[in-house]
Amino acid sequence: MPYLVAAVAVVGLLCLVDLVLTLAVIRRLRVHTLRLAELAPTGAPMVQPGTTLGEFSATALGGETVSRAFFSGPSVVAVFSTECASCHERLPEFTSYLADTRPERVLAVVTGDPDGARQFTGELTSATVVVEPMGGPVSRALQVSRFPSFYLVDGDAVVVAADTAPGRLPASTRR
């Protein structure tokens, strides 16, 4: 009888170890899935460098009207979505990029829920911020298909560079 109790205890312990290892593997797979989702292309490619932006008009949080004329000099543009986990992760990287490069003009576009946009607007104090619904006028002009999206635009409203990470943009918007 004592052998039977010991055998059941060993089998129970092995099952418990197996359960812990299985949960660790599942957790690790979730992390890898999120990383792969960031790397996988979604939708059409981003607007290509050399593309001239289309006409648009939007109202910034400060009340000023933002249009293609905003790009009278080198500019950095960021487009975030309130429903995008990567956008929340990239926001500190973007603010760090702005502090390092000090561009002349910064336009930040937050798409989605206006209440959810407050998380972004509090961090983007050095930018002209436009909050618009998904597929709004600025997003259409920039042909946004991925979030977050970051652009360098010259004084003629021509896209110089575009990427999904601000750290991969050139350090200067000047040609």
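Below you will find a few notes about this structure. Numbering of residues starts from 1 in every chain and runs along the sequence as written. It should be noted that, the model being predicted, local features are given only for residues of pLDDT at least 70 and side-chain atom pairs only at 80 or more, the latter also being counted only at that level, while totals for whole chains, interfaces and linings use all residues. Computation of side-chain values: all heavy atoms of the structure, hydrogens and water removed.

Only DSSP runs of H or I with at least four residues qualify as helices, and only runs of E with at least two residues qualify as strands; both kinds are numbered from the N terminus onward. In terms of helices and strands, the protein carries 4 helices and 7 strands. The order of helices and strands in the protein, counted from the N terminus, is α-β-β-β-α-β-α-β-α-β-β. Both definitions apply: the radius of gyration is a C-alpha atom measure, and the globule rule equals 2.2 Å times residues to the power 0.38. Relative to its length of 175 residues, the protein is extended, with a C-alpha radius of gyration of 23 Å against a globular reference of 16 Å. If you line up the protein on its principal axes, its C-alpha atoms span 90 × 35 × 30 Å. Evaluated residue by residue, the protein yields a buried proportion of 38% over its 175 residues. Taking as baseline every contact in the protein between residues at least 6 positions apart, the subset at least 24 positions apart corresponds to 65%. Surface accessibility follows the Shrake-Rupley procedure with a 1.4 Å probe radius. Residue values consider only the protein chains on display as shielding. In the form shown here, the protein has an accessible surface area of approximately 10200 Å², with 59% of it arising from carbon and sulfur atoms. Averaging the locations of the 14 positively and 16 negatively charged side chains of the protein gives two centres separated by 5 Å. Working definition: with a 1.4 Å probe on protein chains only, accessible area under 20% of the residue-type maximum means buried, over 50% means exposed, and in between means partly exposed. In this description, contact between two residues means that some pair of their heavy atoms is separated by no more than 4.5 Å. By the counting rule applied here, Lys and Arg register as positive and Asp and Glu as negative, while His and the ends of each chain are not counted. Note that the charge is assigned to NZ on lysines, CZ on arginines, CG on aspartates and CD on glutamates.

It is worth stressing that arrangement in space is one thing and function is another; only the former is reported here.
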